[in-house]
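Chain by chain, the residues run as shown.
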Amino acid sequence: MKEISEGQSIAQGYQRDPRYRLYTSDGNLIPNLGGRRNPVAEALLFTNESLGYNANVFNQMFVDISKSLKFTMNFNVDFNQATMVRFHPMLLSTTNDNNDGSEAWSRGFGWQFQNFLNFNRTFGSKHNVTGLLGISSEKKKSNSISVSGTNYASEDVLTMNSAGQIVIAGANGNPGSTSGGSANSLASAFARLGYSYD
């Protein structure tokens, strides 16, 4: 999905001298003038595309072991993946001689598993005893990477193999290239006992 940064485009319109034309006499967009981007070019040419997928599967099972004892189990799996492409063509460059962009990917996977035993019984029509015994476990893992580049060989091919130079450290508003990941897991057991008298 292409996303237009309205705020960024409007800001260029406010900051750019209103006497500057937006188009040349032959209908082409005018590049940066006076250190300010053309707001129409910013809205039309800046590429900011993202695509994401999410999948979730949940399953739950109930078993009545007896009239007063019930077993519940549930299991959940979650997966997500996202990509993002950003690109500033040469026409939007502050120096009018360079283009830059970035690609980012992220992926996450996780699961949760829970088991419960529920007990509920009344003795002698006045004594109510309830109980719960359960276990729970979960695990999550995510990875991400972002790669930035400049001097693309073609402004029609926005993949990183078209970039003439990979930017390692961020500079001039370019985030640079980064990667990261995280993982965590949790396991627990719990119980509860209750008594009430009527």
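Just so it is clear, the structure is predicted and the values come from calculations on it, not from any experiment.

Peer 1: I'd like to hear about the overall build of the chain, residue by residue, with values.
Peer 2: When helices and strands are tallied, the chain shows two helices and eight strands. The linear arrangement of helices and strands in the chain, starting from the amino end, is α-α-β-β-β-β-β-β-β-β. Looking at the chain as a whole, 26% of its 198 residues qualify as buried. Of the contacts formed within the chain by residues at least 6 apart in sequence, a portion of 62% connects residues at least 24 apart. Per element, the accessible surface of the chain, about 12,800 Å² overall, is 56% carbon and sulfur.

Peer 1: Give a detailed account of the nonpolar core, specifying residues and quantitative values.
Peer 2: Phe87, Val147, Tyr152, Met160 and Ala163 together form the largest nonpolar core, which totals five residues. With sequence-adjacent residues up to four places away left out, Val147 is seen in contact with Gly101, Ser102, Glu103, Trp105, Met160, Ile166, Gly176 and Ser177.

Peer 1: Give me the lowdown on the environment of Val85, citing residues and values where you can.
Peer 2: Along the chain, the position of Val85 falls in strand 2 (residues 69–88). In the structure, Val85 is positioned 73 residues away from Leu158 in sequence and 7.7 Å away in space, judged by C-alpha atoms. Apart from residues no more than four positions distant in its own chain, Val85 is found in contact with Thr47, Asn48, Glu49, Ser102, Glu103 and Leu158.

Peer 1: I'd like a rundown of the environment of Phe58, residues and numbers included.
Peer 2: Along the chain, the position of Phe58 falls in strand 1 (residues 47–64). By relative accessible area, which is 48% here, Phe58 ends up partly exposed. With 20 residues separating them along the chain, Phe58 and Asp78 place their C-alpha atoms 8.7 Å apart. Residue contacts for Phe58: discarding those within four places in its chain leaves Asn74, Phe75 and Asn76.

Peer 1: Which residues make up the side chain of Ser102, and what values go with them?
Peer 2: Along the polypeptide, Ser102 turns up in strand 3 (residues 100–123). In this structure Ser102 comes out as buried when scored by relative accessible area, which is 8%. Other than its neighbours up to four places away in sequence, Ser102 contacts Met84, Val85, Arg86, Val147, Ser148, Tyr152 and Met160.

Peer 1: Got a sec to walk through the packing of aromatic side chains? Specific residues and values, please.
Peer 2: On inspection of all chains with the given rule, the structure shows three aromatic pairs. Between Phe75 and Phe113, the aromatic rings sit 6.0 Å apart at their centres with planes inclined by 65 degrees, giving edge-to-face as the arrangement. One end of the pair, Phe75, is in strand 2; the other, Phe113, is in strand 3, with 38 residues separating them in the sequence. Its relative accessible area of 25% is what places Phe113 among the partly exposed residues.

Peer 1: Now, about unusual backbone geometry: what can you tell me, with residues and values included?
Peer 2: We note that Ser125 has phi near 60 degrees; this positive angle belongs to a residue other than glycine. For Ser125, the position within the fold is in the loop between strand 3 and strand 4 (127–152). Phi at Asn151 takes a positive value of approximately 55 degrees, unusual for a residue other than glycine. According to the relative accessible area criterion, Asn151 is partly exposed, its value standing at 38%.

Peer 1: How would you explain the pairing of strand 3 if you had to name every residue and give the values?
Peer 2: Inspection of the sheet shows strand 2 paired to strand 3 by 20 bridges, in the antiparallel sense. Across the sheet, Phe75 pairs through a bridge with Phe113, a residue of strand 3. Between strand 3 and strand 4, which pair antiparallel and follow one another directly, the connecting turn spans three residues, one of which, Gly124, has a positive phi of 60 degrees.

Peer 1: Tell me about the pairing of strand 4, and please be specific about residues and values.
Peer 2: One ladder, built from 24 bridges, connects strand 3 with strand 4; its direction is antiparallel. Bridged to Ser102 within strand 4 is Ser148. Of the pairings in the sheet, the one linking strand 4 to strand 8 (residues 178–197) comprises 20 bridges and is antiparallel in character. Considered in strand 8, the bridge of Leu132 is made with Arg192. Pairing between strand 4 and strand 5 (residues 163–167): four bridges, direction antiparallel. Pairing of Ser148 across the sheet is with Val167, part of strand 5.

So, how was this worked out
- Residues numbered from 1 in each chain as written.
- Predicted model: local features only at pLDDT ≥ 70, side-chain atom pairs only at ≥ 80, totals over all residues.
- Heavy atoms only, no water.
- Helix = DSSP H or I, 4+ residues; strand = E, 2+ residues; numbered from the N terminus.
- Buried < 20%, exposed > 50% of the residue type's maximum accessible area, 1.4 Å probe, protein only.
- Contact = heavy atoms within 4.5 Å.
- Areas by Shrake-Rupley, 256 points an atom, 1.4 Å probe, with all protein chains shown as cover.
- Core = buried A, V, L, I, M, F, W, Y, C linked by side-chain atoms within 4.5 Å.
- Phe/Tyr/Trp six-rings, centres within 6.5 Å; stacked < 30°, edge-to-face > 60°.
- Pairing = 2+ DSSP bridges.

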